[in-house]
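# Structure assessment
As a plain string of letters, each chain reads:
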Amino acid sequence: MPNLIWPRETRAHVGASGLIGRTVHWLGVALAATFLVIALGFAADGWSMSDAIWLSVIAVAMALGARGVRYVLARE
């Protein structure tokens, strides 16, 4: 399993679609991290455990989807 998280070498020049893919990827990762912080706050304060679980599931799906967009558009 060499390099499971970053399976391909990044390229310097990926074109316009690649730049869009990278931008969508990093925005999705930032938004997913924000959702996880909010979910952690919900769980720590004891407000709503079901909301915290759903926010965590959405964050994971968002991060994976953002990575998929990067695979498709930037081919990396």
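Worth saying up front: this structure is predicted, and the values here are computed from it rather than measured.

### Overview of the packing of aromatic side chains
Scanning the model with the defined rule gives one aromatic pair in all. Measuring from centroid to centroid gives 5.6 Å for Phe42 and Trp47, while their planes differ by 50 degrees, and the two rings are tilted. On the basis of relative accessibility, which here comes to 22%, the residue Phe42 falls in the partly exposed class. The class for Trp47 is exposed, based on a relative accessible area of 63%.

### Here's the deal with helix H2 (residues 49–74)
For an α-helix, the turn length of 3.6 residues means that residues three or four places apart are oriented alike. In this model, H2 (26 residues) spans 37 Å end to end at C-alpha, consistent with the 38 Å of a helix rising 1.5 Å per residue. Here H2 has its buried residues at Ala52, Leu55, Ala59, Ala66, Arg67, Arg70 and Ala74. Each element contacted by the buried residues of H2 is listed here: helix H1 (15–45). Backbone geometry just downstream of H2 places Arg75 in the positive-phi region, at approximately 55 degrees.

### Regarding the packing of H1 against H2
Orientation of H1 relative to H2, taken along the N-to-C sense of each, is 170 degrees, at an axis distance of 8 Å. Considering their axes alone, H1 and H2 lie roughly antiparallel with respect to each other. In terms of residue class, the contact of H1 with H2 is built from 23 nonpolar, six polar and four charged.

Scoring rules and cut-offs
- Residues numbered from 1 in each chain as written.
- Predicted model: local features only at pLDDT ≥ 70, side-chain atom pairs only at ≥ 80, totals over all residues.
- Heavy atoms only, no water.
- Phe/Tyr/Trp six-rings, centres within 6.5 Å; stacked < 30°, edge-to-face > 60°.
- Buried < 20%, exposed > 50% of the residue type's maximum accessible area, 1.4 Å probe, protein only.
- Helix = DSSP H or I, 4+ residues; strand = E, 2+ residues; numbered from the N terminus.
- Expected span 1.5 Å × (residues − 1).
- Contact = heavy atoms within 4.5 Å.
- Axes fitted to C-alpha atoms, helices over the stretch in contact; angles between N-to-C directions.
- Parallel < 35°, antiparallel > 145°, perpendicular 65-115°, else oblique.
- Nonpolar A, V, L, I, M, F, W, Y, C, P; charged D, E, K, R; others polar.

Interpretation in functional terms is not warranted from these geometric data alone.
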